[in-house]
Amino acid sequence: MATRTATVADLDGIMALERASFPTDAWSPAMMREELASPHGWYVVVEEAGRLVGYAGLRAVRGARDADIQTITISEAARGRGRGRALLTALLEEAVRREVHDVFLEVRADNPVAQKLYLSEGFAEVGRRPRYYQPDDVDAIVMQLDLRGWAGRRAETAGIPASGLEGPDRSHGIGSEAPGEAIPLPSSESTPPTASGKGWC
Ligand SMILES: CC(C)(COP(=O)(O)OP(=O)(O)OC[C@H]1O[C@@H](n2cnc3c(N)ncnc32)[C@H](O)[C@@H]1OP(=O)(O)O)[C@@H](O)C(=O)NCCC(=O)NCCS
């Protein structure tokens, strides 16, 4: 398994996986090309024997406090062997490098496999978007991850002392809010439903 940064040259391979994984609401090639070319995006692919078997994307505007997991997909035959988690981890590591505080994503309410992956990395449900996924008419669950907490847990697992972990400044972060204070959902500007009706992720 080899994971590397994606480029626009990966568009055809990514689109083949996109159409197979999201038959009713795949992004268009033009939208995917824009994602791959955006300076605010960062996409990774995973290859096996020269074939692309997965891709994932992060949107993290330089200097912004929040980032979004845009999409993550592993080809059906390659699922269940750690590749999805490896791609998600690569995106979260890039978000740490970009000094992001919180990572958001939307996941279909009828996708328990992806939900389990996100929950296991520490994402928590912070809201719902009714009927977000069209034409399937399925709700989106909005999830949020405190990235410093995630990085701290990873460092602990790897045996790195906490003092060596200088994460993003948390002074204005979710962690500084009063208990019970509502966490604002990402604005619809940062996570617009796409023209095809498919939401992000
Ligand atoms: C979601 C997806 C990316 C996961 O990738 P994957 O390579 O199969 O996942 P991994 O092998 O890395 O497993 C990661 C975790 O996902 C969950 N998971 C994976 N397969 C599962 C299954 N069949 N049932 C329940 N949970 C499962 C588990 O929590 C697993 O962790 P564990 O192995 O420690 O129990 C993949 O299933 C996929 O591409 N699905 C279709 C596209 C999609 O739904 N994308 C998400 C959009 S938000």
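Residues numbered from 1 in each chain as written. Predicted model: local features only at pLDDT ≥ 70, side-chain atom pairs only at ≥ 80, totals over all residues. Heavy atoms only, no water.

### So, the pairing of strand β2 (residues 41–48)
Right, on to step 1. With six of eight residues buried, β2 lies mostly within the body of the structure.
Right, on to step 2. With four bridges connecting them, strand β1 (residues 2–5) and β2 associate as antiparallel partners. Bridge pairing in β2 places Arg4 opposite Val45.
Right, on to step 3. Sheet topology places β2 next to strand β3 (residues 51–59); eight bridges connect them, and they run antiparallel. When the sheet's bridge partners are listed, Glu47 is paired in β3 with Leu52. (Buried < 20%, exposed > 50% of the residue type's maximum accessible area, 1.4 Å probe, protein only. Helix = DSSP H or I, 4+ residues; strand = E, 2+ residues; numbered from the N terminus. Pairing = 2+ DSSP bridges.)

### Topic: the side chain of Thr89
Right, on to step 1. As for its placement among the helices and strands, Thr89 is situated in helix α3 (residues 83–97).
Right, on to step 2. Here the side chain of Thr89 touches Arg85 through a polar contact of 2.8 Å, landing on its backbone oxygen.
Right, on to step 3. Not counting residues within four places of it along the chain, the set of residues in contact with Thr89 comprises Glu121, Trp150 and Arg154. (Polar contact = N/O pair within 3.5 Å; in protein donor to acceptor, adjacent residues only side chain to side chain. Contact = heavy atoms within 4.5 Å.)

### A look at the packing of aromatic side chains
Right, on to step 1. Within this structure, the stated rule accounts for two aromatic pairs.
Right, on to step 2. Aromatic side chains Tyr132 and Tyr133 sit 5.2 Å apart centroid to centroid with 90° between the ring planes, which places their arrangement in the edge-to-face category. Comparing Tyr132 with Tyr133, the two get one shared label, buried.
Right, on to step 3. Sitting above the plane of the Trp42 ring, Arg97 keeps its charged end 5.8 Å from the centroid.
Right, on to step 4. Against the face of Tyr133 rests Arg108, its NZ or CZ located 5.6 Å from the ring centre. (Phe/Tyr/Trp six-rings, centres within 6.5 Å; stacked < 30°, edge-to-face > 60°. Lys NZ or Arg CZ within 6 Å of the ring centre and 35° of its normal.)

### As for the pattern of salt bridges
Right, on to step 1. Tallying each qualifying case throughout the model produces 15 salt bridges.
Right, on to step 2. Residue Arg154 is joined to Glu93 by a salt bridge in which the shortest nitrogen-to-oxygen separation is 2.7 Å. On the criterion of sequence distance, the pair formed by Arg154 in helix α5 (residues 147–158) and Glu93 in helix α3 is long-range, its members being 61 residues apart.
Right, on to step 3. Given the relative accessible area of 31%, Glu93 is considered partly exposed.
Right, on to step 4. We note a salt bridge from Arg108 to Asp110, for which the minimum N-O separation is 2.9 Å.
Right, on to step 5. With a relative accessible area of 45%, Asp110 lands in the partly exposed category. (Salt bridge = Lys/Arg side-chain N within 4 Å of Asp/Glu carboxyl O.)

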